[in-house]
Amino acid sequence: MALDVTWAVKWLTLSAQAMAEHRVELIELDRAIGDSDHGENMDRGFQAVLDKLAEAPPQTPGAALKLTAMTLMSKVGGAAGPLYGTAFLRAATSLGDTAEIDPAAWAGALAAARDGIVARGKAESGDKTMVDAWTPAVEAARKAALDGNGDVLAVLVAAAEAAEAGAVATDPMVARKGRASYLGERSAGHRDPGAASSALILRAAVGAAA
């Protein structure tokens, strides 16, 4: 499947389904080291995205991501709204008006999204945040884009698998940013909820192209 606006809308639809299906799981992860609202916020935010997509169907992938960014910023509370909103907005800007995304463009959009998260949240790899899912995803996507002979699905899969591994890798980390950092050593042994939701979103991108 080409990574066009149809794919983008399907990706966002599958992301919304993932947030609904994993809402309780994300709430439980956030209850351990945060304020328990990540699952609820992400579910509500992505349901609002679906409503907006239905109201004003986008014409390009970038337009779909910009609409998502604006909606998440207005509907998602806590840190997740600004962080995800910035990520989707930076990705949309990276893609511009292109009608179909090739491997290099997808890798570039992921990098732009990650850089937006870093700029907004001031977090780095190892801080036990969503950056720990996004940075491995960016690196894997870049490598796959170079090695994959134009296979965009391979780039999507590489990014998703790296994000999932990155989320798991937050389990033993001691949080250095956000509300979880207040717990100090007690934050170890729990997965970062933002990294977990990031992995779900990047896996949904694969499902949309399958």
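This is a predicted model, so every value here is computed, not measured. (Residues numbered from 1 in each chain as written. Predicted model: local features only at pLDDT ≥ 70, side-chain atom pairs only at ≥ 80, totals over all residues. Heavy atoms only, no water.)

Peer 1: Explain the overall build of the protein chain residue by residue, including any values.
Peer 2: Helices and strands together make up the secondary structure of the protein chain, namely nine helices and zero strands. Listed by position from the N terminus, the elements making up the protein chain come as α-α-α-α-α-α-α-α-α. Seen along its three principal axes, the alpha-carbon backbone of the protein chain occupies a region of about 45 × 40 × 30 Å. If you take every contact in the protein chain between residues at least 6 apart in sequence, the share linking residues at least 24 apart comes to 70%. For the protein chain, the computed accessible surface area is about 8900 Å², with 54% contributed by carbon and sulfur atoms. (Helix = DSSP H or I, 4+ residues; strand = E, 2+ residues; numbered from the N terminus. Contact = heavy atoms within 4.5 Å. Areas by Shrake-Rupley, 256 points an atom, 1.4 Å probe, with all protein chains shown as cover.)

Peer 1: Tell me about the side chain of aspartate 127, residues and numbers included.
Peer 2: By the element assignment, aspartate 127 lies in the loop between helix H6 (103-121) and helix H7 (131-147). Here arginine 176 takes part through its side chain, which lies 2.7 Å from a polar atom of the side chain of aspartate 127. (Polar contact = N/O pair within 3.5 Å; in protein donor to acceptor, adjacent residues only side chain to side chain.)

Peer 1: Could you give an account of unusual backbone geometry, naming the residues involved and the relevant values?
Peer 2: Phi at serine 36 is positive, roughly 75°, even though this residue is not glycine. With respect to the secondary-structure elements, serine 36 resides in the loop between helix H2 (23-33) and helix H3 (38-55). The phi dihedral of lysine 122 falls on the positive side, at around 60°, and the residue is not glycine. Looking at the element boundaries, lysine 122 is found in the loop between H6 and H7. For lysine 122, a relative accessible area of 57% corresponds to the exposed category. (Buried < 20%, exposed > 50% of the residue type's maximum accessible area, 1.4 Å probe, protein only.)

Peer 1: Break down the packing of aromatic side chains for me, citing the residues and quoting the values.
Peer 2: Enumeration over the complete set of coordinates arrives at five aromatic pairs. Each ring, one from tryptophan 7 and one from tryptophan 11, has its centre 5.3 Å from the other, and the planes form 20°; the classification is stacked. One end of the pair, tryptophan 7, and the other, tryptophan 11, are both in helix H1 (residues 5-21), four residues apart, so they sit about a helical turn from each other. Its relative accessible area of 1% is what places tryptophan 7 among the buried residues. (Phe/Tyr/Trp six-rings, centres within 6.5 Å; stacked < 30°, edge-to-face > 60°.)

Peer 1: Got a sec to walk through the nonpolar core? Specific residues and values, please.
Peer 2: Inside soluble globular proteins, nonpolar side chains tend to come together where they are buried. Formed by 64 residues in total, the largest nonpolar core has its most connected members in Trp7, Trp11, Phe46, Tyr84, Phe88 and Trp106. The element best represented in this core is helix H9 (residues 193-209), accounting for 11 residues. In contact with tryptophan 106, other than residues within four places in its own chain, are Trp7, Trp11, Ile101, Val155, Leu156 and Ala205. (Core = buried A, V, L, I, M, F, W, Y, C linked by side-chain atoms within 4.5 Å.)

Peer 1: With reference to specific residues and values, describe the environment of valine 131.
Peer 2: Residue position: valine 131 is located in helix H7. Residue class for valine 131 comes out buried when judged on its relative accessible area of 1%. For the pair formed by valine 131 and isoleucine 117, sequence separation is 14 residues and the distance between their alpha carbons is 7.1 Å. Excluding anything up to four places from it in sequence, valine 131 contacts Ile117, Val118, Ala123, Glu124, Ser125 and Pro136.

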